[in-house]
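Structural overview for review
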Amino acid sequence: MSELTAHLDVPLDRGAPAAARRAVTAVLGGWGFRNADWLDAAAVVVSELVTNAVRHGGGCVALHLEAHDERVIVSVADGSSVVPRRRAPDGDGGRGIALIEALAEAWTVENYRGGKRVLVELAPCPRGSAS
């Protein structure tokens, strides 16, 4: 597989994480990523990134996917320059970064158009349709 990319603008509302999950799993499935457990993990990562961007980011939220062979990088950009950080879970959240760290190979943050972009490299997709 050569490099594949997709760019999605995400609505700034409560339904954004679910819409992003559906869109990402459809795109990744169309690209040939079919492992159900891996797709579920990718959907959780996307949901956490989009939730954080909608709740804390401000401005427009843009979701970008890149596939390089069996590796996928998911990034979400928003209008805030505040870097996400791990914090103790409470009734209002605090679990997102820990989930991303558990499900991904690596994550980083970069300046992007006056805000930031959080990039997450997913673990390689196992071959097969299910785990």
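Above this text sits the structure in question.
Residues numbered from 1 in each chain as written. Predicted model: local features only at pLDDT ≥ 70, side-chain atom pairs only at ≥ 80, totals over all residues. Heavy atoms only, no water.

**Describing the overall build of the chain**
We apply this condition: Each helix is a run of H or I in the DSSP string that is no shorter than four residues. Each strand is a run of E no shorter than two, and both are numbered from the N terminus. Radius of gyration here is computed from C-alpha atoms only, and the compact-globule reference equals 2.2 Å multiplied by the residue count raised to the power 0.38. Partly exposed describes any residue whose relative accessible area lies between the buried limit of under 20% and the exposed limit of over 50%, with all areas from a 1.4 Å probe on protein chains only and scaled to the type maximum. Contacts between residues were defined by any pair of non-hydrogen atoms, one from each residue, lying within 4.5 Å. Here the Shrake-Rupley method, with its probe set to 1.4 Å, supplies the accessible areas, and only the displayed protein chains count as covering residues. When charges are tallied, Lys and Arg are placed among the positive residues and Asp and Glu among the negative ones, while His and the ends of the chain are skipped. A charge is said to be at NZ when it belongs to Lys, at CZ for Arg, at CG for Asp and at CD for Glu.
For the chain, the helix and strand inventory stands at three helices and five strands. The helix and strand sequence of the chain, counted from the amino end, reads β-α-α-β-β-α-β-β. The C-alpha radius of gyration computed for the chain amounts to 14 Å, which stays within 12% of the reference 14 Å derived for 131 residues, consistent with globular compactness. When the 131 residues of the chain are sorted by exposure, 38% land in the buried category. Intrachain contacts of the chain at a sequence separation of at least 6 include 64% that bridge at least 24 residues. Summed over its atoms, the accessible surface of the chain is roughly 7000 Å², and 51% of this surface lies on carbon and sulfur atoms. With 14 positive and 16 negative side-chain charges, the chain shows a spacing of 5 Å between the two charge centroids.

**Some details on helix α3 (residues 96–103)**
Formally: Relevant arc is that of directions from the helix axis to the C-beta atoms, nothing else.
Taken together, the buried positions of α3 are occupied by G96, I97 and I100. Along α3, the residues classed as buried sweep out an arc of 95° about the axis, all on the same side. For α3, the elements touching its buried residues are α2 (36–57), β4 (104–112) and β5 (115–122).

**Observations regarding the sheet that holds strand β3 (residues 71–78)**
Cut-off, in case you're wondering: Strand pairing follows a simple DSSP-based rule, namely that at least 2 bridges must link the two strands. Only the contacting stretch of a helix is used when fitting its axis, a line to C-alpha atoms as for every element, and angles between N-to-C directions run 0 to 180 degrees.
Spatially, five strands are ordered β1-β2-β3-β5-β4 in an open sheet, and the strand pairing comes out antiparallel. Looking along the sheet, the strands with just one partner apiece sit at the ends: β1 (4–10) and β4. With strand direction ignored, the average angle separating the axes of adjacent strands in the sheet is 15°. Summarising the sheet, strand β2 (residues 61–68) and β3 pair through seven bridges and their orientation is antiparallel. Each bridged residue has a counterpart across the sheet, and for A67 the counterpart in β3 is V72. With respect to the sheet, α2 is in contact with β1, β2, β3 and β5, its orientation differing from that of β3 by roughly 15°. Contacting β4 and β5, α3 runs over the sheet at an angle of about 125° to β4.

**Description of the packing of helix α1 (residues 16–30) against α2**
Convention followed: Note: crossing handedness is left-handed where the near helix turns anticlockwise from the far helix by less than a right angle, and right-handed where it turns clockwise. In the scheme used here, Gly and all other residues not listed as nonpolar or charged are polar, with Ala, Val, Leu, Ile, Met, Phe, Trp, Tyr, Cys and Pro taken as nonpolar and Asp, Glu, Lys and Arg as charged.
Two elements in contact, α1 and α2, have axes separated by 8 Å at closest approach and are oriented at 145°. As α1 runs across α2, the sense of the crossing is right-handed. Of the residues in α2, those touching α1 at A16, P17, A20, R21, V24, T25 and L28 are W38, L39, A42, A43, V46, S47, V50, T51 and V54. Counted by class, the contact of α1 with α2 contains 12 nonpolar, three polar and one charged residues.

Functional significance is not addressed by these values, which are geometric in nature.
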